[in-house]
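# Summary of structural features
For reference, the chains in residue letters:
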Amino acid sequence: MVFTVAVPGFLVAACSGQAAPAAQDAPASSAAPVSATQAPVRRPGSALAAGLLTQAAQAAVLTSYQGEEIVSHWGTSGGTVLVSDIWHVSGGQTVTRTLDAGIYSSSEPYLSSDTDGQWPEGVLGVTTQLVRLLEAHYVVAYGGAGSADNRTAQIVEARRDNGSLAARFWLDDATKLPLEREVFDSAAHVISEDVFINVRIGNQARLAAPASGPADPQGPWTAPLPARQLLALRARGWLVPPQLPGGLSLFTGAQTQTSTGTVLDLGYSDGLSVVSLFEQRGNLAAKLAGWQKITVAGHIIYAAQPDLRSLTWSSRGMVYTVMADASAQTVDDVIGALPHDRPPGFWKRMSRGFSRLASWVNPFG
């Protein structure tokens with residue numbers, strides 16, 4: 001996820017003096033409806049579809065490729081588009097050059113977080129970890145043959161337990177690299193459409209990579225921590241929820257030391273939606289340039305302009321920042337489940353009013 005890389009430094013800068021914000025399967029069919037009183041009975045996923053997704057995640061690591069990734073997202077505040085050139089060397093580094101990403105744009109190439117090839121970001125977010133989560137939360141099914149970027153492809157669908165379509169993937173026939181992905185909300189609206197175009201494979205990709213050494217702007221982030229180490233941080237006052245609403249599970253996390261203290265970067269997903277939650281001790285500055293106050297799930301928080309997909313607030317001495325590639329409902333549910341300071345109650349406001357009135361009557365009292 002390209003836009004996640006640029007956050008930590010920006011987040012810290014936003015806060016004043018402290019924290020910042022088998023046989024071939026048939027095409028897909030509907031699954032059994034969800035019971036209101038019983039746990040859903042999930043139909044078994046397609047072995048062919050699962051195998052294709054696994055190959056796609058592996059191809060993102062083992063194949064040398066170059067291409068242009070266009071990530072489009074639609075929400076209540078409008079649409080956003082992220083355009084990036086990507087180069088990857090088999091089993092090695094991934095270089096990303098973001099061309100248009102709003103406030104996170106950078107015309108200079110930079111090394112992605114998988115600088116040694118051990119933690120690849122994947123093409124269109126298809127990684128081994130996310131494929132496992134996808135298969136745990138959705139029914140994956142083979143959708144037939146198709147095409148994308150003028151290349152023949154195999155289609156894999158992900159369906160919810162009630163049978164509704166949650167996502168569709170187009171995987172390149174020759175390499176199994178993901179070429180296109182559509183994600184749908186529960187009302188069958190497309191909320192994101194991502195494409196990987198102008199794809200070059202093998203030696204062509206390596207020769208086209210930038211000659212100059214890329215810069216790494218994301219700071220000294222450590223390798224992802226095991227789940228047990230992340231959850232152990234709860235005993236030291238960190239939140240680190242193991243789950244978030246919408247079936248989002250903690251699947252990765254890291255920490256770094258900055259001039260303003262430790263920052264945790266926690267990743268949650270169900271295989272499709274991805275939410276990054278940043279925690280840092282401190283309080284937000286009184287004014288945040290480039291951010292505006294909005295109300296989400298009944299709480300007043302700050303949203304980064306122009307896309308309003310980066311959300312931050314402070315509560316009980318901790319700054320929380322959420323970046324979400326998810327539906328509006330999922331974002332609302334996540335924000336509502338995290339800690340917030342309660343607004344002053346009626347009698348507290350009244351007592352403050354009486355105190356101000358008393359000071360006017362007796363300014364020396």
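Here, every reference points to the structure presented above.
Right, let's walk through the structure included here. (Residues numbered from 1 in each chain as written. Predicted model: local features only at pLDDT ≥ 70, side-chain atom pairs only at ≥ 80, totals over all residues. Heavy atoms only, no water.)

Right, let's get into the pattern of salt bridges. Following the criterion strictly, the structure yields 6 salt bridges and no others. Where Arg 168 meets Glu 182, a salt bridge forms, and the shortest distance between an N and an O atom there is 3.6 Å. On the criterion of sequence distance, the pair formed by Arg 168 in strand β7 (residues 165-172) and Glu 182 in strand β8 (residues 178-184) is long-range, its members being 14 residues apart. Accessibility expressed as a relative area gives 14% for Glu 182, which makes it buried. (Salt bridge = Lys/Arg side-chain N within 4 Å of Asp/Glu carboxyl O. Helix = DSSP H or I, 4+ residues; strand = E, 2+ residues; numbered from the N terminus. Buried < 20%, exposed > 50% of the residue type's maximum accessible area, 1.4 Å probe, protein only.)

To continue, consider the packing of helix α3 (residues 47-62) against helix α4 (residues 128-137). Relative to each other, α3 and α4 sit at 160 degrees, their axes nearing to 9 Å. By the angle between their axes, α3 is roughly antiparallel relative to α4. Handedness of the crossing formed by α3 with α4: right-handed. On α4, the residues that touch Ala 50, Leu 53, Thr 54 and Ala 57 of α3 are Thr 128, Val 131, Leu 134 and Glu 135. A per-class count over the contact of α3 with α4 returns 5 nonpolar, 2 polar and 1 charged. (Axes fitted to C-alpha atoms, helices over the stretch in contact; angles between N-to-C directions. Parallel < 35°, antiparallel > 145°, perpendicular 65-115°, else oblique. Left-handed = near helix turned anticlockwise from the far one by under 90°. Contact = heavy atoms within 4.5 Å. Nonpolar A, V, L, I, M, F, W, Y, C, P; charged D, E, K, R; others polar.)

What follows covers the sheet that holds strand β13 (residues 274-281). Within the open sheet, the 8 strands sit side by side as β10-β11-β12-β13-β17-β16-β15-β14. Their pairing is antiparallel. The open sheet has two edge strands, β10 (243-244) and β14 (291-296), and neither has a second partner. Relative to strand β15 (residues 299-304), β14 is paired through 6 bridges, and the arrangement is antiparallel. Residue pairing across strands places Trp 291 opposite Ala 304, the latter belonging to β15. Lying on the sheet, α4 is in contact with β11 (248-258), β12 (261-269) and β13; it crosses β11 at an angle near 150 degrees. In the packing of helix α7 (residues 328-337) onto the sheet, the strands contacted are β10, β11, β13, β14, β15, β16 (310-315) and β17 (318-325), and the crossing angle to β16 comes to about 15 degrees. (Pairing = 2+ DSSP bridges.)

Per the stated rule, a full pass over the model turns up 2 aromatic pairs. Relative to Phe 196, the ring of Tyr 65 lies with its centre 5.9 Å away and its plane at 90 degrees, an arrangement referred to as edge-to-face. Taken together, the positions of Tyr 65 in strand β1 (residues 65-75) and Phe 196 in strand β9 (residues 190-201) put the pair 131 residues apart, joining distant regions of the chain. Assigned by exposure class, Tyr 65 and Phe 196 land together as buried. For the ring pair Trp 313 and Tyr 320, a centre distance of 5.9 Å and an interplane angle of 35 degrees mean the geometry is tilted. Taking the relative accessible area as the measure of exposure, Tyr 320 reaches 5% and is therefore buried. The residue whose ring lies beneath Arg 281 is Trp 238, and the NZ or CZ to ring-centre distance is 4.2 Å. (Phe/Tyr/Trp six-rings, centres within 6.5 Å; stacked < 30°, edge-to-face > 60°. Lys NZ or Arg CZ within 6 Å of the ring centre and 35° of its normal.)

Counting buried positions along β17 yields 8 of 8 residues, so the element is predominantly enclosed. Burial of β17 is two-sided: the residues Met 318, Tyr 320, Val 322 and Ala 324 facing one way and the residues Val 319, Thr 321, Met 323 and Asp 325 facing the other way are all buried. Sheet topology places β13 next to β17; 8 bridges connect them, and they run antiparallel. Looking across to β17, one finds that Gln 280 is bridged to Val 319. With 6 bridges joining them, β16 and β17 adopt antiparallel strand pairing. Bridge assignment links Ser 314 to a residue of β17, and that residue is Val 319. Between the end of β16 and the start of β17, which pair antiparallel, lie 2 residues, with Arg 316 showing a positive phi angle near 55 degrees.

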